[in-house]
Structures are given as C-alpha cells and as structure tokens.
Amino acid sequence: MATDPRLGVTPTMSNDPPTPQDLKLDEALLQELKSLKAFEAQEETQRRHVVLERLEAVLKRLVVLVGKQKGLPQGILSEAGGKIFTFGSFALGVYGPKSDIDTLMVAPKHVTRQHFFEHIPTLLKKEFRPEEMTELTPVPGISVPIVKLELCGVSVDLIFCSLQLSSVPKNQELEDLTLLRGLDDTDLRCVNGTRVAKRTLELVPQTKVFRMALRAVKLWAKQRALYGNIVGYPGGVAYALMVARICQLYPRAAAPNIVLKFFFLMRKWNWPNPVLLQNHEDAPLTLREWDPAVWPGDKRHLMPVITPAYPRANTCHTIGPSTRMVLMREMERAEKIVRTVYDSGRPWKDLFERHNFFTDAYKHYICVITAGKTKAASQAWSGLVESKVKWLISGIEQSDAKSVELVQPFNKGFNRVHECKPGEDVEKTLDGSLDCQVKEIKTETTEQANDILVQAAAQTEADGQHVPLTNGAVPADTDGKQMIWTTTFYLGIGLKKGANSLDISSPIQTFRSQCQEWPDHNPDLHSIRVKHMRNYDLPADLFAAGEIRPTRIKKAKAAPKPDDAAANKRSFSSTGLDDTHDPAKRRQSANGPSSKPTPNGTTGINGVKG
C-alpha cells in the first residue's frame, strides 16, 4: 500500500472516509462476489504457492545444469541462483479459482532462452510426476515465448528472461532500470509484466479496496463481454490501471464507491487524454515507449491507459470507435445500476447480469468462419484471424460511415468440430453449416478451450510478429470422412436510424486478403468465410440455458414494386457478404419479414428492412 499523501498526476477529488452505507454495501458486494465464486479456497491458494516453490527449484537446477555445461566453476554456480516472479491477476491479488498463474523465470546471463526451451521440459518431468503434470506445451518462436503447464491442478503460463547479471539472488528485484540495459524486445516484453504489476500496487492508497473494486469491475467486464484487447476491449492490465487511478482520486473510499466512480469517471473522461498513475519516469535508456508527441501512431489512440513502469505503453491501443462506443454505453448502464444499489437497495447481482449480445442487442450479425483440416492448422489460423478482426471492424466503420452506427465484436470465438463426407458436406461446413457438427463434442468458446497455441498466434500477430507454422500434413480421408475444425467470430452490426443498405464489400475483401497473406497460409488446409446472419438464425449453442432466442415474426407484406425489388437486390449484393441460407431462402430473407425491433434501433442490412 502506498503512503504518499498525493498519488497520481493530479490532486485527489475527495478524501472523505467511507460512510456507514458504504461499509454496508461493501459487505454486500463481498458476499455477492463470493456467491459468484470470484474467490478460491485457501487450500487452493496454498497449492499455487507450493507449485511456484517447486518451479523455482527447477529453475535453479536449470541454472546449474547450463553452468556446468559451460564449465563455470562451482563457486560461481553455488551463487548463480535464479528467481521466480509472477504478474497478471495473481501478482495483483485478484485471481479466481480457474485463473492461470502468469509466471516469469529470471536467470543469470549464462542461461539463454534457447537453453530454457531445450532443458525445461526434461527438468519439469523430473520434478513433477506424470499424474501431477497433465499439460506441457512449449511455444517458442513467438512474440512472448511461453510454456503452457498444468501442474497439480494449477494452470501456469511460464515465460523466461535472462538478465545481464552473473547471479540472480533470492532478494533480486526488477525495479532498477539499469537491469533493462542489453535486453532485447522479447526480454523486455517478458520482464515488464512483473514490473507493471508491482508498481501498480505501490501506487494505490489501499490495496484491499483496490482489489475488491477490481474484482467487481473485471467480473462486470467479463459478464458483459467487454474483456480482451485482441478484439478491441480493455484487458486485465488496462482495467487494473483504470481502477487504480480511481483509487488515487478517492484514496479513503470503500470499494462500492470506487466501483461507482469508476463507471462515472471513465465514461466522462476527457479521452483521448491518457489515464496515468504517475508522471513520466526519466530513464538512462532510450527505449521506444508511448509518446504521442514523438510517434504519430500514438496520437490516433482513442483511450490511452498507460502503464506506470518504463518503458510506458498503452494497454488500450486496440480500442476503436465502435468498441469505445460500446464501452461508454455499458458504463452508463452500469453506473445507473450502482446508483440504484446506493439509492434503493438494488442487489449487486444486477450489475453482473449476463450480456445480451445474442439475445436482443442486434438484428444483423457478421460471422467470420475460420476452418482448418487439421487441429494444428486450425489453431494458428484461428488465432491469426482473431487478431485481424479489429481491422475488419475498422474497415467497415470507414467504408460506409453514413449507415453504420457501430460494429460490436463478441469477445470470444466459438470452436466446433465437424465430420464431413467429401464434397458438398465439406463446402457447406466451410460456409458455416452445422449439419455435420460432431454432437458428442460440445461447442466451446476460445476462453473455455484456453488453447495456448491459439492465444500465442493471436498475440504474436497483434504484436506485429510472424505467426509460426503449425499446419501439419494435409490429412487423407479416413473411412470416407473428413474432420474439420472451425472457429467462428461474431460481430453485431448496428445501423443508424433510417439506414436500409450497407456496402462493405471492400473491407471484406481487404480483410480476407490480409488473412490470406500469412506466409504459411495453405488453401488446402485453411479456409475463411465471412457471412451475414439474422438474429433468428443464430445457432442454439450461442445461448445460455434459459435465454430466449430471437424468433422471426411473420406478417403480411405487400408485394414490392419491380423497381424496389431491384434496388433491394443491388443493395444486398453490394455488401460483399453471403447469407447463410440456401439461395431460395436467401431470396425470401431479402424481401421477407424481419424479427422484433431491438433496443439499439437498427433497421436492416443488405436491403432487408426490419
């Protein structure tokens, strides 16, 4: 906990202590978070610490092993050390029962990343019994090389950094900026997560209040599908920095008041003025960092939320006009709910109500369907496409601004497995049909799958690095059947009032080309289709139990005049999209009735009027 009477870059807005109502609501919020299983049991937390201790022992054995191979004297090896650091939700103290531990291994200079990937799998297998280590997936050659582990029931994302030091003792910390000297871009990305997490905690006045408020905000964001920087929303670090800034402005407030002020102030913030936890840090190095006065690209950032550790970076650089509009709309809704929690005793559970993205938010959706003919081909391909969805959104926003109000991406993809007969079944599946989906394999979101190869591909492409090849060989048909793995991403299209046509053919074509320009794209293995879908045609597996799916309302309609029909047809074909229906149904959809009006006031797409 920070003790500086003035935190942040401006004076506080209030130093008032919590009221009795604040304290009562604080207890109610705690109980609601517990009922939603936001906290894990103490024994589970203890298991995490034991796993980290064992990982540090493995690291020290790695340091000694490599040192002996290089002929270093025993006196140096006995002092070489090696230390484990954490970052992300675990380091901030806001982890839950299913949270990964983001873990950094720091070694002295004689151990390289190549040594790490060469030896760490064997050393881990010696430390953990087979029943204790149920996953071991090394992913080198990406922007942040990683080893994905499942150890004693604990998920661990393990990364590595070598400092330009002869030893890394147990009391080694990472705040000293001179430690960054000589590190390459990969090492800097690896080490800065820990530095940002520690500095953030140092800059908040009350750690306990910060953690409670952040848990509430993160749960709200996940429930409302507003979480994940790959597709254009804030991620965990960004939400932590925004909550920390509110804590600085209200240093004595209780968590419920921090939550209320978060929604109010972040909605009213004078964007693109940045959210900063501290003034710029002078450094003896000349590393590239966020600075709109120097870098023209940084001037275009709409919601800068800046890390407090050098070199500073914008954690919200992927936010665009549409996702910002969605965030502001959702923050306004959340603020109203929390105010009624204060004013009339409304329950906290209403704040964490599940999103309505598929049930009644939009009439029209764009489906981006990626497919691979091997699971390995699908993993890298779907991750790469996911990282480029934000460019499709940007292209649509700019292509027909008079019609588009916003394009809202759902923050997770949906993985499905299909078994097809060669020929027509394969083509239908690539085009979005679920007729051949394997019923015994449930649809799961990309978050549920937690596939490190997909995540690595998405983040690597987002960082401007080359996604490594993971295609595998083109499979032969087995028993006359072809397995296909698909991941589908959904975008809700909101049209401005009165708009009844939309030309997005150019951004669709550009998006496809951008994806297919991947050097390892193989048309025999990879497919991408972009489809239009009405809300009443959305698959059943997108809806939670008890949710009401949109239905098509049939109503009498006069036959259109020939000229009107021709205009509708031109409008439909100009979108660059194909309906997911067969041709006969597509013609019916283009001129037939629509479903119920939706709250966002959209009217139609492709010439279809609601």
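Scroll up to find the structure.
Quantities reported herein were computed from a predicted structural model and do not represent experimental measurements.

The rules behind the values
- Sequence order as written defines the numbering, with residues in each chain counted from 1.
- Residues qualify for local features only when their pLDDT is at least 70, as the model is predicted, and side-chain atom pairs are given and counted only at 80 or more; totals for whole chains, interfaces and linings, by contrast, use all residues.
- Each side-chain value is derived from all of the structure's non-hydrogen atoms; neither hydrogens nor water enter the calculation.
- A pair of strands is labelled paired if DSSP reports no fewer than 2 bridges between them.
- Strands here are runs of E lasting at least two residues and helices are runs of H or I lasting at least four, both read from the DSSP assignment and numbered beginning at the N terminus.
- Note on method: axes are straight lines fitted to C-alpha atoms, helices fitted across the in-contact stretch only, with angles between N-to-C directions ranging 0 to 180 degrees.
- Note on contacts: a residue pair is in contact if any heavy atoms of the two residues lie within 4.5 Å.
- A cavity here means a set of 1 Å grid points, computed over protein atoms only, where a 1.4 Å probe fits but cannot escape. A pocket is an open set with protein on both sides within 12 Å along at least 5 of 7 lines, and lining residues have an atom within 4 Å of a point.
- Grid points are joined across faces, edges and corners, and a volume is the space filled by probe spheres set on the points.
- Under this grouping Gly is polar, as are all residues other than the nonpolar Ala, Val, Leu, Ile, Met, Phe, Trp, Tyr, Cys and Pro and the charged Asp, Glu, Lys and Arg.
- Helix span, expected: 1.5 Å multiplied by one less than the number of residues in the helix.
- Summary of the burial criterion: residues with accessible area below 20% of their type's maximum are buried, those above 50% are exposed, and those between are partly exposed, where the area comes from a 1.4 Å probe applied to protein chains only.
- Criterion for a salt bridge: a side-chain nitrogen of Lys or Arg within 4 Å of a carboxyl oxygen of Asp or Glu.

(A) The sheet that holds strand β1 (residues 83–87), seen in detail. Pairing in this open sheet of five strands is mixed, and the strands run β1-β2-β5-β4-β3 from one edge to the other. Where the open sheet ends on each side, the last strands, each with one partner, are β1 and β3 (133–139). Direction aside, neighbouring strands of the sheet carry axes that sit 25 degrees apart on average. Of the strands in this sheet, β1, β2 (101–107), β4 (146–151) and β5 (154–162) touch helix α2 (residues 42–69), which is tilted by about 25 degrees from β2. Contacts from helix α6 (residues 185–202) reach β1, β2 and β5, with the element oriented near 115 degrees to β5.

(B) Empty space enclosed by the protein, seen in detail. For the structure shown, the criterion picks out one cavity of 30 Å³ or more. Of the volumes computed, that of the largest cavity is approximately 100 Å³. Contributing to the lining of the largest cavity are 13 residues, with Q278, N279, T307, P308 and R312 lying nearest its centre. Classifying every residue of the lining of the largest cavity by side-chain character gives six nonpolar, four polar and three charged.

(C) How the structure looks around helix α16 (residues 505–516). Compared with an ideal rise of 1.5 Å per residue, which puts twelve residues at 16 Å, α16 spans 17 Å between its outermost C-alpha atoms and is within 8% of the ideal. Restricting attention to buried positions, one finds in α16 the residues S505, P507, I508, F511 and C515. Turning to α16, the residues buried within the fold contact β6 (364–372), α12 (375–399) and β11 (526–534).

(D) Focus on the pattern of salt bridges. Enumeration over the complete set of coordinates arrives at 30 salt bridges. Notably, a salt bridge pairs K170 with E56, separated by 3.4 Å at the nearest N-O pair. Here K170, found in the loop between β5 and α6, pairs with E56, found in helix α2; they are 114 residues apart in sequence, far enough to count as distant. Using a relative accessible area of 63% as the deciding quantity, one classes K170 as exposed. Put simply, E419 and K481 hold a salt bridge, and the shortest N to O gap is 4.0 Å. In this pair, E419 sits in strand β8 (residues 414–420) while K481 sits in the loop between α15 (452–462) and β10 (482–495), placing the two residues 62 residues apart along the sequence. Beyond isolated ion pairs, a larger network of salt bridges with shared partners links R54, R61, E127, R129, E131 and E132.

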